[in-house]
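Chains, contacts and geometry: an overview
Chain residues, written in single-letter form:
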Amino acid sequence: MIDSPVILDVSAPGILRLGDEVFRCALGPAGIVLEKREGDGGTPVGVFPLRRVMYRTDRMSRPDTRLPVRAISDSDGWCDDLGHAAYNQLVVLPHPARHERLWRDDLVYDVIVEVGFNDDPPVPGKGSAIFIHVAREGYTPTEGCVALQIDDLLHVVRACGPDAILRVNPVD
């Protein structure tokens, strides 16, 4: 018997399906977009591999998943500078180009699933730092990511292995 890949199926207005299970999720304020651009607030349409799970060791234990796992350190960042060679990549802080810090005071990046969006190779301006991460209270919009309540996120990553994909469906 051949196992089929795990598909995290996302649709507007903020629904993630994993097989027969349905979870509420937050998306970018621009909703689901066909042509993602840096800073547009859209969650990109497409089918994307899941690269790895990153997590805060000071706030939780290692997530149970078959995806690669990496602990987040206080010197981790993600480059979102269109003009820098490290665009849309994990970087070590301090970093000379514009970036976001992964070690945050809020809980949003306690668990991050790195989505293989615009990374093979990165195209400047097409969008960066597309993750699945922890939703804020009230499922307020992300910057373009998909966000789940922490228990739902940990449940979802438990089902994921190296063949898992995120499928973000276009709006009808």
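A closer look at helix α1 (residues 150–159)
A turn of α-helix holds 3.6 residues, and therefore any two residues three or four places apart point the same way. All of the buried residues along α1 are Leu 153, Val 156 and Val 157. Taken down its axis, α1 places every buried residue within 95° of arc, on the same side.

Details of the environment of Val 10
For Val 10, the position within the fold is in strand β1 (residues 7–11). Ignoring any residue separated from it by four or fewer positions in sequence, one finds Val 10 in contact with Ile 15, Leu 16, Cys 25, Leu 27, Val 146, Leu 166, Arg 167, Val 168 and Asn 169.

Digging into the pairing of strand β14 (residues 165–168)
The sheet contact formed by β1 and β14 spans 4 bridges and is parallel. Each bridged residue has a counterpart across the sheet, and for Val 10 the counterpart in β14 is Val 168. Inspection of the sheet shows strand β6 (residues 46–55) paired to β14 by 4 bridges, in the antiparallel sense. Its bridge partner being in β14, Pro 49 is matched across the sheet by Ile 165.

A look at the pattern of salt bridges
If you walk through the whole model with that rule in mind, you get 11 salt bridges. Residue Asp 119 is joined to Arg 51 by a salt bridge in which the shortest nitrogen-to-oxygen separation is 2.8 Å. With Asp 119 in the loop between β11 (111–115) and β12 (131–134) and Arg 51 in strand β6, this pair connects stretches of sequence that are 68 residues apart. Here Asp 110 and Arg 59 are joined by a salt bridge, their closest N and O atoms 2.7 Å apart. Here Asp 110 is found in the loop between β10 (99–101) and β11, whereas its partner Arg 59 is found in the loop between β6 and β7 (69–71), with 51 residues between them in sequence.

The rules behind the values
For every chain, the first residue of its written sequence is number 1, and the numbers climb from 1 along that sequence. It should be noted that, the model being predicted, local features are given only for residues of pLDDT at least 70 and side-chain atom pairs only at 80 or more, the latter also being counted only at that level, while totals for whole chains, interfaces and linings use all residues. To obtain the side-chain values, all non-hydrogen atoms of the structure were included, while hydrogens and water were left out. Under the scheme applied here, a residue whose accessible area is under 20% of the maximum for its type counts as buried, over 50% as exposed, and between as partly exposed, the area being computed with a 1.4 Å probe on protein chains only. Helix numbers and strand numbers start at the N terminus; a helix is a DSSP run of H or I with at least 4 residues, a strand a run of E with at least 2. Within this analysis, the arc is defined by the directions that extend from the helix axis to the C-beta atoms. Contacts: residue pairs with any heavy atoms within 4.5 Å of one another. Pairing between strands requires that DSSP locate at least two bridges from one strand to the other. Here a salt bridge means any side-chain nitrogen of Lys or Arg lying within 4 Å of a carboxyl oxygen belonging to Asp or Glu.

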